[in-house]
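Notes for the structure review
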Amino acid sequence: MTALPVARPTHWLLGGVDEATALVEGDRVVTYAELHDLVRAERERVGGRRLVALEARPTVAFVVSYLAALAGGHPVLLLAEGGLHRHEHLLATYRPGTADALHPDLALLLSTSGSTGSPKLVRLSRSNLLANARSIVGYLGLHAGDVGVTSLPLHYCYGLSVLHSHLLAGASVVLTDLSVADACFWDLAERTGVTGLAGVPHTYALLDSIGFGSRVLPRLPALRYLTQAGGRMPPDRVRDYAGLCRERGIDLFVMYGQTEATARMAYLPPELAFDHPDTVGIPVPGGSFRIAPVRGAPPGCGELVYSGPNVMMGYAESLADLARGPEVGDLHTGDLARMTAAGLVQVMGRLDRQAKVLGHRVDLDRVEAALGDAGVEARLVARPDRLWAFTTRARARARVRDLVEAAAGLRGAAVRVEVVDELPVAASGKPDEAALRAHVEREEALRSAPPTGPVTAEELRDLYAVVLGRPRASVSDSFVALGGDSLSYVEVSTRLGERLGTLPAGWPSLTPAELAALGRQRPAHRRTVPVDVSVLVRAIAITMVVVTHVDLRQWQGGAHVLLAVAGYNLARFQLAVPGRRDRVMGLLRGARSVALPAFLFVGALAAVGHDYRWPTAFLVNGLVGSDSWDAQWQLWFLEVLVWCYLGLALLLAVPLLDRTQRAAPFLSALVALAVTLVVRYAWTGVEAGPTERYTLGVVAWCLALGMCAAYARTLPQRLLVAALAVVATAGFFGDARREAVVAAGVVLLLAGRPVRLPSWAAWALGLLASASLWIYLTHWQVYPPLEDSGHRTMALLGSLVVGLAVYAGVTWLTRTLRAHRRAAPGWQPGRPFRAGVTGGRGAGR
């Protein structure tokens, strides 16, 4: 007779039989028998009872350490990966390793979602953990054949509950740090036969983006349920997933919980999800709810209060609190809720998100829900004088404002819409409201009085975060790492120079911490500020272009200098980021930032009968245009720049070429210069013709020369590039002065040192550099009538003023009312030519 396998009672969370799979990590499979042995050995190694701090990682090693600590009665302070360094205040407060004054029931310490930067922790007992795990096993119907996966971090109570409940049920857990947006995650899920997936609202947004229903679900025949918690998911999305799951025979469990309740308090039975998508359902087994009155709440609404064996022991804010016993009977959740006619709990919002703006009460959750129902994702932060709305969609700024004003009952300056690179989420996947609040405080600080005292890394971090729209920027993130480019460089370099008194060499690649260490002492007030040489060259060059075109002076050559500046900035920004995909995407964004405004502006003129033709709007005139100068050639600079960006993106998409360029950037730039010069000489010889000098294949060497200037680090390298600049420009125009202008521009870039200028001059040059694209595009329509009537000075001033005004308007629209005192990021400029002139001094200056 064969004996049936039995479970070992050696750990209160391990319910699997010996032969069953407990954990899977990569190619490693750990059975319950092996896991028992590993936990026993680790428990013996740890020794006597004391407080243990662990970084939660989706690895077998972590799970063994965690279970061993629980088995040995050691309270565990659970931190996010890297938390031992990021949360030193917790380690200083609670002193892991201490064996004194630990309550015998204490098993786990977790941070609450709202206590970032605070020593406040949730105290959980062994009975809390066990009660919650049992209830989850019960309502999900978990069994030994189930396979879970760590789609959420294990330091987050929701993610940790997946591990607890599956191990208690004798099921398997696949350990991985892959995101659901990664195709490899689904390869792993398919290979291991995952049966359940847990996610927060952000997870489901990612699932939408990868086509979960059509592309992923067919690959997962074993999948039997999805769970969602961690915040309100828009009812339409709940209904969509409920319908999808119903079609595929999969259960969708919408859930509700808090760390204070060891993860779960309520769940919505799957059969009710489609008809009641705006509710969180019924209490978990063993729990109950009641609605406590709240003054001023709508009829039938009040604070949701939960009772059950999974309610925490209490909070801890000091080491002494770890000796305290259970102190919480009923858990006041802080959520405003009501019971529906169907007997289901409907959470209306957080009581602490009931804000007052200019004396007007605003329910932030309700307003965000209204935005979500309208298909707009946004986050709100309330201040006494203003309601801030954050979105990633610049084009939706006006719609976001309208929706917020309608839902909140505020108007005008009381609502401010900010466009950010991304809406920050915490490691748990939940919205990171603390990061947005900090972003608001930084923006307000930048608009306040100038800081005093030593320069701090946090101050410089705040500068980067606000100007670049990156709320989660840290003191370890450089300008380049945060995605800074030539469009934002002007403003950041100017502000940085004001704070440091100088611009250190290579500052875009230095972190705020490194920059602060270089300039700890804030400079005394000076009348001059450092201006980056590329900003200076860029501003002077666009001014030369307009001066030449209005016939005030003949300062030709500026356009080709600007092409070198473009290559110089390209090497410093788009090519400086790590990762092939990020570099390629940076190049594509750079091309778009030039091509899109040019297309819209020129296309609009062409549509109303202007001389411009559609090939010019599409930046292909060099391919299909005339061989003689006409108005269609005016955009040659933009055409060359965009196609150079696209061509380089195509080359660097090849892994071998990307690795080669990264390994030897200066040599690669020299090779690019050599190749483009060979093409030029083969095409035209030494001197280029009247339109050849504006053709992609003939002038691409200018951009390559700028890249060489950026990568030249040593004196011999700089001397070599300077010599190459002289050789490359010699004879190109058949005009020695014009050739000298181009060579001199490259030499200035090689110098690389900031130029100290009066504050007013630095401000003016920065503004011209930022607005140069729009000055270039619009001046063709401004100066001819004034020049023809003999008002050349007015033609110059009018061209600059109109370009600056258009730039300001576009910035206001696309950057959504960023701080009024700073110049918004500008466009990489082009270099125009005088319309309607063939050859002679008016052509292609």
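Residues numbered from 1 in each chain as written. Predicted model: local features only at pLDDT ≥ 70, side-chain atom pairs only at ≥ 80, totals over all residues. Heavy atoms only, no water.

**Quick word on the overall build of the protein**
Rules: The helix count covers DSSP runs of H or I at least four residues long, the strand count covers runs of E at least two residues long, and both are numbered beginning at the N terminus. Any residue under 20% of the maximum accessible area for its type is buried, any over 50% is exposed, and the rest in between are partly exposed; the area is computed with a 1.4 Å probe on protein chains only. We call two residues in contact whenever any of their non-hydrogen atoms come within 4.5 Å of each other. Each accessible area is a Shrake-Rupley estimate made with a 1.4 Å probe; only the visible protein chains count as cover when residues are assessed.
Helix and strand counts for the protein come out as 30 helices and 25 strands. Burial statistics for the protein: of 845 residues in total, 55% are counted as buried. Partitioning the intrachain contacts of the protein with sequence separation of at least 6 by distance along the chain shows that 70% fall at a separation of at least 24. Here the protein displays about 34,500 Å² of accessible surface, and carbon together with sulfur accounts for 58% of that area.

**Structural notes on the environment of His-791**
Mapped onto the secondary structure, His-791 falls in the loop between α29 (772-788) and α30 (792-814). The sequence separation of His-791 and Val-550 amounts to 241 residues, and the corresponding C-alpha distance is 9.1 Å.

**A short note on the nonpolar core**
What counts here: Nonpolar cores were defined as sets of buried Ala, Val, Leu, Ile, Met, Phe, Trp, Tyr and Cys residues, with membership established by side-chain atoms within 4.5 Å.
One finds Tyr-464, Leu-496, Trp-507, Leu-638, Met-707 and Val-721 to be the most contacted residues of the largest nonpolar core, which totals 120 residues. Sort the elements by how many residues they give to this core and helix α25 (residues 696-711) lands first, with 13 residues. Leu-78, Val-200, Tyr-256 and Met-265 belong to the second largest nonpolar core, which has 71 residues in total.

**Some details on the sheet that holds strand β9 (residues 196-199)**
Basically, it comes down to this: Two strands qualify as a pair provided DSSP detects at least 2 bridges between them. Geometry is summarised by axes, namely lines fitted to C-alpha atoms with helices restricted to the contacting stretch, and by angles between N-to-C directions that run from 0 to 180 degrees.
Strand order in the open sheet formed by five strands is β9-β10-β11-β12-β13, and the pairing between neighbours is mixed. In the strand order of this sheet, the two ends are held by β9 and β13 (282-283), each with one partner. With four bridges joining them, strand β10 (residues 225-228) and strand β11 (residues 251-256) adopt parallel strand pairing. Among the inter-strand pairings, Leu-226 is bridged to a residue of β11, identified as Leu-252. Contacting β10, β11 and β12 (266-268), helix α5 (residues 126-140) crosses the sheet at an angle of about 150° to β11.

**Quick look at the sheet that holds strand β3 (residues 52-55)**
Within the open sheet, the five strands sit side by side as β3-β4-β5-β6-β16. Their pairing is mixed. Strands with a single pairing partner mark the edges of an open sheet, and in this sheet they are β3 and β16 (314-316). This sheet shows a mean twist of 30° between the axes of neighbouring strands, independent of strand direction. Sheet topology note: the strand β4 (residues 76-79)/strand β5 (residues 106-111) ladder contains two bridges and is parallel. Along β5, the bridge assignment pairs Leu-77 with Leu-109.

**Quick word on the packing of aromatic side chains**
The criterion, for reference: Pairing of aromatic side chains here covers Phe, Tyr and the six-membered ring of Trp, requires ring centres within 6.5 Å, and sorts the geometry by plane angle: under 30 degrees stacked, over 60 edge-to-face, intermediate tilted.
In the structure shown here, the tally under the stated rule is 20 aromatic pairs. For the ring pair Tyr-156 and Tyr-158, a centre distance of 6.0 Å and an interplane angle of 75° mean the geometry is edge-to-face. On the basis of relative accessible area, Tyr-156 is assigned to the buried category, the value being 8%. Seen in terms of ring centroids, Tyr-256 and Phe-289 are 6.5 Å apart; in terms of plane orientation they differ by 50°. Their pairing is tilted.

**Here we look at the pattern of salt bridges**
For the record, the criterion: Within this document, salt bridges are pairs made up of a side-chain nitrogen of Lys or Arg and a carboxyl oxygen of Asp or Glu, the two lying within 4 Å of each other.
Per the stated rule, a full pass over the model turns up 19 salt bridges. Through salt bridges with shared partners, a single ionic network connects Glu-55, Arg-57 and Glu-81.

**Examining the pairing of strand β17 (residues 330-339)**
When strand β15 (residues 302-307) meets β17, the two strands line up antiparallel, connected through five bridges. Residue pairing across strands places Gly-302 opposite Ala-337, the latter belonging to β17. Pairing geometry for β17 and strand β18 (residues 345-350), over five bridges, is antiparallel. Residue Leu-336 lies in a different strand from β18, and its bridge partner there is Gly-349. Connecting β17 to the next strand, β18, in antiparallel fashion are five residues, including Gly-343 with a positive phi near 80°.

**Some details on a positive patch on the surface**
Formally: Candidates for patches are residues over 30% relative accessible area with no salt bridge; among them, like charges are joined within 9 Å and nonpolar side chains (Val, Leu, Ile, Met, Phe, Trp, Tyr) within 5 Å. His is not counted, nor are the chain ends, whereas Lys and Arg count as positive and Asp and Glu as negative. Positions of charges follow a simple convention, taking NZ of Lys, CZ of Arg, CG of Asp or CD of Glu.
A grouping of Arg-395, Arg-581, Arg-589 and Arg-592 is seen on the molecular surface, where their side chains present a positively charged patch. Here Arg-395 shows up in the loop between β22 (386-391) and α12 (397-408).

**Brief notes about the confidence of the model for the protein**
Which entries qualify depends on this criterion: Per-residue confidence from the predictor is reported as pLDDT, a score between 0 and 100.
In this model, the protein carries a mean pLDDT of 84, and residues with pLDDT of at least 70 account for 89%. Here residues 816-845 is a poorly scored stretch, pLDDT under 50, and it has 147 contacts once near neighbours within four places are set aside; other chains count.

**Re the packing of helix α24 (residues 665-684) against helix α26 (residues 715-729)**
The test is simple: Put simply, angles under 35 degrees are roughly parallel, angles over 145 are roughly antiparallel, angles from 65 to 115 are roughly perpendicular, and the rest are oblique. When residues are grouped by polarity, Ala, Val, Leu, Ile, Met, Phe, Trp, Tyr, Cys and Pro land in nonpolar, Asp, Glu, Lys and Arg in charged, and all others, Gly among them, in polar.
Two numbers describe how α24 lies on α26: the axes approach to 13 Å, and their chain directions differ by 10°. It follows that α24 is roughly parallel to α26 by the angle criterion. Residue-level inspection shows Phe-666, Leu-670, Leu-673, Leu-677, Arg-680 and Tyr-681 of α24 in contact with α26, the latter providing Gln-717, Leu-720, Val-721, Leu-724, Val-727 and Ala-728. For the contact of α24 with α26, a count of residues per class yields ten nonpolar, one polar and one charged.

**Overview of the environment of Trp-760**
In this structure, Trp-760 sits in helix α28 (residues 759-770). Taking the relative accessible area as the measure of exposure, Trp-760 reaches 64% and is therefore exposed.

**A look at unusual backbone geometry**
With a phi close to 110°, Ala-263 is a non-glycine residue in the positive phi region. Relative to the helices and strands, Ala-263 resides in the loop between β11 and β12. Despite not being glycine, Leu-619 shows a phi value in the positive range, around 60°. Mapped onto the fold, Leu-619 is located in the loop between α20 (614-617) and α21 (621-624).

**Re a nonpolar patch on the surface**
A contiguous nonpolar patch, built from Met-585, Leu-588, Trp-643, Leu-646 and Leu-696 and spanning about 380 Å² of accessible area, is present on the exposed surface. Elements supplying a minimum of two residues to the nonpolar patch: α19 (580-607) and α22 (636-652). Inspection of the secondary structure puts Leu-696 in helix α25. With a relative accessible area of 35%, Leu-696 lands in the partly exposed category.

**A short note on α29**
How we decide: For a helix, the expected span equals 1.5 Å multiplied by the number of residues minus one.
Taking 1.5 Å per residue, 17 residues should reach 24 Å; α29 reaches 24 Å between its end C-alpha atoms and fits that length. Most of α29 sits out of view: twelve of its 17 residues are buried. By the burial criterion, the buried members of α29 are Ser-772, Leu-773, Trp-774, Ile-775, Tyr-776, Leu-777, Thr-778, His-779, Trp-780, Val-782, Tyr-783 and Glu-787. Phi turns positive one or two residues past the end of α29, at Gly-790, with a value near 90°.

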